[in-house]
Amino acid sequence: MGWIKNIYQFYYQGFKQMTLGKTLWVIILVKLFIMFAVFRIFFFKDFLGNNFKTDQERSIHVIEEITN
Amino acid sequence: MLENIDFSLVNWSRAQFALTAMYHWLFVPLTLGLSFILAFMETIYVRTGKPEWKRITKFWMTLFGVNFAIGVATGIILEFEFGTNWSNYSWFVGDIFGTPLAIEGIMAFFMESTFIAIMFFGWNKVSKKTHLAATWLTALGANLSALWILVANGWMQNPVGMWFNPETARNEMNNFWEVLLSPSAVSKWTHTTSSGFVLAALFVIGVSSWFLLKKREVQLAKKSIIIASVFGIVSSVYVIATGDFSAKTVARTQPMKMAAAEGLFVGTERAPLLAFGVLTKCTGDEIFNDNNKFLLRLEVPFKGFLSFMIHGNVNGFVPGINDLVEGNEKYGILSYAEKIERGYHAQQILKQLTSIKDKSSPEYAIFYNQFTSPDFLENYFKYFGYGAYYDSDIEKLQKNILKLIPNIPLTFYAFHVMVGLGFLFLLIFMVFLYLAVRDKLANKRWLYITGIVSIPLAYLASQSGWIVAEVGRQPWVIQDLMPTISAVTKIGSSAVKTTFILFALTFTALLIAELKIMFAQIKKGPSGH
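**Thoughts on the overall build of chain A**
Consideration 1: Scanning chain A from N- to C-terminus turns up four helices and zero strands.
Consideration 2: Written out in order from the N terminus, the α and β elements of chain A read α-α-α-α.
Consideration 3: Taken along the three principal axes of its C-alpha coordinates, chain A extends 60 × 30 × 20 Å.
Consideration 4: Counting across all 68 residues of chain A, residues that qualify as buried make up 35%.
Consideration 5: A distance of 28 Å separates the average location of the 8 positive side-chain charges in chain A from that of its 5 negative side-chain charges.

**Quick notes on empty space enclosed by the protein**
Consideration 1: In the structure shown here, the tally under the stated rule is one cavity of 30 Å³ or more.
Consideration 2: Taken as a whole, the largest cavity spans an internal volume of roughly 30 Å³.
Consideration 3: Considering the residues around the largest cavity, the lining is formed by Ile-66 of chain A together with Phe-92, Gln-347, Phe-384, Gly-385, Ala-388, Leu-481, Met-482, Pro-483 and Ser-486 of chain B.
Consideration 4: Residue classes in the lining of the largest cavity are distributed as seven nonpolar, three polar and no charged.

**Let's talk about the domain arrangement of chain B**
All names here are of chain B.
Consideration 1: Assigned domains of chain B: these are domain 1 (2-254 + 406-528) and domain 2 (255-405).
Consideration 2: The gap between the C-alpha centroids of domain 1 and domain 2 is 30 Å.
Consideration 3: Across the boundary between the two partners, domain 1 contributes 38 residues, which contact 42 residues of domain 2.
Consideration 4: The contact between domain 1 and domain 2 buries some 3400 Å² in all, and 70% of this surface belongs to carbon and sulfur atoms.
Consideration 5: Taken together, the links from domain 1 to domain 2 amount to zero salt bridges.

**Details of the nonpolar core**
Consideration 1: If you look at the biggest cluster of nonpolar residues, it comprises 87 residues, and the most contacted ones within it are Ile-37, Trp-60, Ile-70, Phe-203 and Phe-425 of chain B.
Consideration 2: The leading source of residues in this core is helix α1 (residues 7-48) of chain B, at 14 residues.

**Some details on the packing of helix α17 (residues 408-437) of chain B against helix α18 (residues 445-471) of chain B**
Residues and elements named next belong to chain B.
Consideration 1: Packing of α17 against α18 brings their axes to within 8 Å, and their N-to-C directions diverge by 145 degrees. As α17 packs across α18, the resulting crossing turns out to be left-handed.
Consideration 2: Classifying every residue of the contact of α17 with α18 by side-chain character gives 20 nonpolar, six polar and no charged.

**A closer look at the packing of α1 of chain B against helix α3 (residues 76-85) of chain B**
All names here are of chain B.
Consideration 1: Contact pair α1 / α3: the axes reach a minimum separation of 10 Å and the direction vectors enclose 165 degrees. The angle between α1 and α3 falls in the class roughly antiparallel. Where α1 crosses over α3, the two elements pack in a sense that is left-handed. Residues Gln-16, Phe-17, Thr-20, Ala-21 and His-24 of α1 pack against Ile-77, Leu-78, Glu-81, Phe-82 and Asn-85 of α3.

**Points about the packing of aromatic side chains**
Ring pairs (aromatic) are described by centroid distance and by the angle formed between their planes.
Consideration 1: Scanning the model with the defined rule gives 50 aromatic pairs over all chains in all.
Consideration 2: Judged by centre distance (6.3 Å) and plane angle (85 degrees), the rings of Phe-17 of chain B and Trp-86 of chain B are edge-to-face. Separated by 69 residues along the polypeptide, Phe-17 of chain B in helix α1 and Trp-86 of chain B in the loop between α3 and α4 (87-93) bring together distant segments of the chain.
Consideration 3: Relative accessible area serves as the criterion here: at 6%, Trp-86 of chain B is assigned to the buried category.
Consideration 4: With 6.1 Å between their ring centres and 20 degrees between their planes, Tyr-364 of chain B and Tyr-368 of chain B make a pair best called stacked. Remark: Tyr-368 of chain B and Tyr-364 of chain B occur in helix α14 (residues 362-372); sequence separation between them is four residues, near one turn of the helix.
Consideration 5: The exposure class assigned to Tyr-364 of chain B is buried, which follows from its relative accessible area of 5%.
Consideration 6: One aromatic cluster is present, built from ring pairs that chain together Phe-36, Phe-39, Phe-43 and Phe-44 of chain A together with Tyr-23, Phe-80, Phe-503 and Phe-507 of chain B.

**Focus: the interface of chain B and chain A**
How big an interface is tends to be expressed through the accessible area that disappears when the partners come together.
Consideration 1: Listed per partner, the contact involves 60 residues of chain B and 35 residues of chain A.
Consideration 2: A combined buried area of about 3700 Å² lies between chain B and chain A, and 75% of that area is made up of carbon and sulfur atoms.
Consideration 3: The largest per-residue losses of area from chain B upon contact with chain A belong to Phe-80, Trp-91 and Phe-121 of chain B, which jointly make up 20% of the total buried on that side.
Consideration 4: Where chain B packs against chain A, one counts one salt bridge.
Consideration 5: Lys-490 of chain B is paired through a salt bridge with Glu-65 of chain A; the nearest N and O atoms lie 3.0 Å apart.

**Points about the environment of Phe-203 of chain B**
All names here are of chain B.
Consideration 1: Residue placement: Phe-203 occurs in helix α8 (residues 183-213).
Consideration 2: Overall, the relative accessible area of 6% leaves Phe-203 in the buried class.
Consideration 3: Counting along the chain gives 253 residues from Phe-203 to Pro-456, while the straight-line C-alpha distance between them is 8.9 Å.
Consideration 4: Leave out the neighbours within four places in its chain, and Phe-203 touches Leu-30, Leu-34, Trp-60, Leu-63, Ile-455 and Met-518.

**Observations concerning unusual backbone geometry**
Residues and elements named next belong to chain B.
Consideration 1: In the segment running from Gln-474 into Pro-475, the intervening peptide bond is cis, with an omega of 10 degrees.
Consideration 2: Mapped onto the secondary structure, Pro-475 falls in the loop between α18 and β7 (476-478).
Consideration 3: The phi dihedral of Ala-169 falls on the positive side, at around 60 degrees, and the residue is not glycine.
Consideration 4: Structurally, the position occupied by Ala-169 is in the loop between β1 (162-165) and β2 (170-173).
Consideration 5: If you check the backbone angles, Asp-439 has positive phi at about 55 degrees while not being a glycine.
Consideration 6: Position of Asp-439 relative to the elements: it lies in the loop between α17 and α18.

Rules and cut-offs
- Residues numbered from 1 in each chain as written.
- Chains lettered and ligands numbered in written order.
- Predicted model: local features only at pLDDT ≥ 70, side-chain atom pairs only at ≥ 80, totals over all residues.
- Heavy atoms only, no water.
- Helix = DSSP H or I, 4+ residues; strand = E, 2+ residues; numbered from the N terminus.
- Buried < 20%, exposed > 50% of the residue type's maximum accessible area, 1.4 Å probe, protein only.
- Lys, Arg positive; Asp, Glu negative; His and termini not counted.
- Charge placed at Lys NZ, Arg CZ, Asp CG, Glu CD.
- 1 Å grid on protein atoms, 1.4 Å probe; cavity = no way out; pocket = protein on both sides within 12 Å on 5 of 7 lines; lining within 4 Å.
- Points joined across faces, edges and corners; volume = space filled by probe spheres on them.
- Nonpolar A, V, L, I, M, F, W, Y, C, P; charged D, E, K, R; others polar.
- Domains from an automatic or database assignment.
- Contact = heavy atoms within 4.5 Å.
- Buried area = accessible area lost by both parts, 1.4 Å probe.
- Salt bridge = Lys/Arg side-chain N within 4 Å of Asp/Glu carboxyl O.
- Core = buried A, V, L, I, M, F, W, Y, C linked by side-chain atoms within 4.5 Å.
- Axes fitted to C-alpha atoms, helices over the stretch in contact; angles between N-to-C directions.
- Left-handed = near helix turned anticlockwise from the far one by under 90°.
- Parallel < 35°, antiparallel > 145°, perpendicular 65-115°, else oblique.
- Phe/Tyr/Trp six-rings, centres within 6.5 Å; stacked < 30°, edge-to-face > 60°.

Okay, structure coming up:
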């Protein structure tokens, strides 16, 4: 189990000693929040998943869309 | 069909995707190339044991970290867009796009959580060799991670290794290796990643030039310039070679893109290579008249150079835009009208097949066997996407054919800007290396400014490459099988406009953050780290 503790300590110390890295992590977390909690939920619905119940319905819809 | 298309929606969806992809591509190439430059610098440190090289490596590693942190996950937005704005496309490509993207996601996760962590946290905590291995693995992992998305893109440019299942309307991969090793995928990966190497080398030279201009960190700048210019020369030669391979592939699989990029309106044997030109009147019907399309033409003074590049033979025939649209019997080129007819026929068979509810009926078996027969796949399904442009009214059909031609001026200028800058960069690397090894870099203000200016030029060349690849292949999302108008989800264009504006704001904020932090770190220099 010592190796798990070593890995934990490695990351813990690494994060603790960060300077510029802290700012960068804030940017990463804000970015991920905007992407997943705002864009994904409110603006990017799964169109086929939400509008059709079965794969068969989806395939029929797509065939209608891609044929003239 | 075209009368029912909301072109405002199609154009906004394209603009949204282009905005996201191009912003994403502002961050990626520096990561791809700078990771290798770090690995070279750290290798020198480990081999020589000189602390100066550790200091140099750590400085560039900080800038790498800034770029990586701001850019990471910006590509995820593209995946959101597939499901919402490009749902027909998403369904149609089936597992072919999903598999490479899943591999990319897993690779990126493991790479980022292990090797990059060791790179940044591991100084003085792991052995020198372990740390060096982590730096090399970060470089290799980043470039291998890019492989998968570029394989998916290569498949869109040249769909191989799959069969279309008419019952599910999805393409199914039947040969992974054909998808992975298709010339389009190989040239996409090698050319795109190597262009990132060139950009990163120019970034290092540009920042080092700024230090020399400010008479700061002179030793760091000189040493960095030597590493970057050697890497830049090797990468430039590699990028030219992969570009040549890419051109040969494009000429075979996407001849319209090649004709547009070269401004070749009428096909010819002994086709010349244009060094540069200024186009005039080359949109719509003007493409097909006999007027000169160039205000200025500057050909490479070697007759048949384009033919030689493509065929390895100066007498080889290179089709022009007219040949591709109107067909050329002598060279076995089908006209667009014929391809539209065949694609329309393929679509009608698929519709008939779908309309039969009883899948055990003999009628279903007849249509199914017809649709999946090798002859049908080769002569009709191959042109499936062209069917979207069919119209029984000849006048409307003629107008629709014009929609199968990409934006010629944009493709042409982007291609020549990319190629021209590529050769200029090679020259810049050679001049920097020559002066650096002779220790004549001092007091060369003109050279420092050239180095600094080469950074935005590198991004310009990089973005131009994407424009050639993506605008040049229009109207195809999947070459010959699915046009953009069929791929787009029929949702309100106002929703797409809203997300376009949101993305523009978010990505611009990220870019400003990157530039601000990057400039601050460069001003601090290595002593600030």
